[in-house]
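Listed below, chain by chain, are the residues.
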Amino acid sequence: MKSFKAIQKKQYEKAQQSEQLFCKITGAVKGTKQDDYNHIDARIGNVTYDIKGIKECHSKGYVLVEFRNVKGDAGWCGSHGADKIAFQFHGEFVVVDNRALYKYVQKKMIPKINNKKGVLRGNSLHKKYGFSTIAYTLMGRNDRKDIFIYMPKEDLMELKEEVYTYEN
């Protein structure tokens, strides 16, 4: 079994590859180290981008939307951070406006919020319940302070502003 540090290193390397690919196909400029703290990976002119590399859920037709990170600090979706989010899928990056995404998922979450239970906590809940069952449910992992939801890619496509394609 790989150590947590080894897994983190591999995830970081994959993220760097996604960012480099996005910059190559769009002409974006990679963000600075300081930008990293504000969830900014690249810039095109005055517009900032947070690039989300390919994840397992993407191949299942879902994306993860983060409101709080593992430390409980502000996640990448909301009124802070990058202007745009670029989700990488096989052969394309789908770009959405961060604030529009935040408003959209808030509306979709309202019927699923259970004030008595709060955030559903557990590891690999998507494997236990299936993505379609837990879509728009506030979740987090055990022993972490993160809060996120899964949303269907088809809903994300309603918000798309641009799609950048590339060869696999």
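Values in this document were obtained by computation on a predicted structure and should not be read as measured data. (Residues numbered from 1 in each chain as written. Predicted model: local features only at pLDDT ≥ 70, side-chain atom pairs only at ≥ 80, totals over all residues. Heavy atoms only, no water.)

### Topic: the confidence of the model for the chain
Okay, step 1: Counting all residues, the mean pLDDT for the chain is 90, and 96% of those residues have values of 70 or more.
Okay, step 2: Averaged pLDDT values over the elements of the chain bottom out at 73 in helix α2 (residues 33-37) and peak at 98 in strand β6 (residues 92-97). (pLDDT = per-residue confidence, 0-100. Helix = DSSP H or I, 4+ residues; strand = E, 2+ residues; numbered from the N terminus.)

### A short note on the packing of aromatic side chains
Okay, step 1: If you walk through the whole model with that rule in mind, you get nine aromatic pairs.
Okay, step 2: A centroid spacing of 5.1 Å and a plane angle of 15° characterise the contact between Y62 and F131, whose relative ring orientation is stacked. Here the residue Y62 occupies a position in strand β4 (residues 62-68), and F131 occupies one in helix α6 (residues 131-134), the gap between them amounting to 69 residues.
Okay, step 3: The interplanar angle of 65° and the centroid separation of 6.0 Å between the aromatic rings of F67 and Y102 together place this pair among those described as edge-to-face. (Phe/Tyr/Trp six-rings, centres within 6.5 Å; stacked < 30°, edge-to-face > 60°.)

### Looking at the state of the cysteines
Okay, step 1: Inspection of every chain in the model, using the stated rule, returns zero disulfides.
Okay, step 2: Here C57 stays free of any disulfide, with the sulfur of C77 as its closest cysteine sulfur at 14 Å.
Okay, step 3: Overall, C57 belongs to the buried group, its relative accessible area being 6%. (Disulfide = S-S within 2.5 Å. Buried < 20%, exposed > 50% of the residue type's maximum accessible area, 1.4 Å probe, protein only.)

### Some remarks on the sheet that holds strand β3 (residues 47-52)
Okay, step 1: Here six strands make up an open sheet; going across it, the order is β1-β2-β3-β5-β6-β10 and the pairing mixed. Where the open sheet ends on each side, the last strands, each with one partner, are β1 (29-30) and β10 (162-165).
Okay, step 2: Examined bridge by bridge, strand β2 (residues 42-44) and β3 share three bridges and lie antiparallel to one another. In the strand pairing of β3, A42 is matched with Y49.
Okay, step 3: The strands that helix α1 (residues 4-26) touches are β1, β2, β3, β5 (84-89), β6 and β10; relative to β6, the one it contacts most, it runs at about 85°.
Okay, step 4: Across the sheet, helix α4 (residues 98-109) touches β5 and β6, and the angle it forms with β6 is around 75°. (Pairing = 2+ DSSP bridges. Contact = heavy atoms within 4.5 Å. Axes fitted to C-alpha atoms, helices over the stretch in contact; angles between N-to-C directions.)

### So, the pairing of β6
Okay, step 1: Counting buried positions along β6 yields six of six residues, so the element is predominantly enclosed.
Okay, step 2: Here β6 shows no split at all, with E92, V94 and V96 on one side and F93, V95 and D97 on the other all buried.
Okay, step 3: Pairing geometry for β5 and β6, over six bridges, is antiparallel. Looking at β6, one finds that Q88 is bridged to F93.
Okay, step 4: Here β5 hands over to β6 after two residues, with G91 in that stretch at a positive phi of 90°.
Okay, step 5: By the bridge criterion, four bridges tie β6 to β10 in an arrangement that is antiparallel. Within β10, the position partnered with V94 by the bridge is V163.

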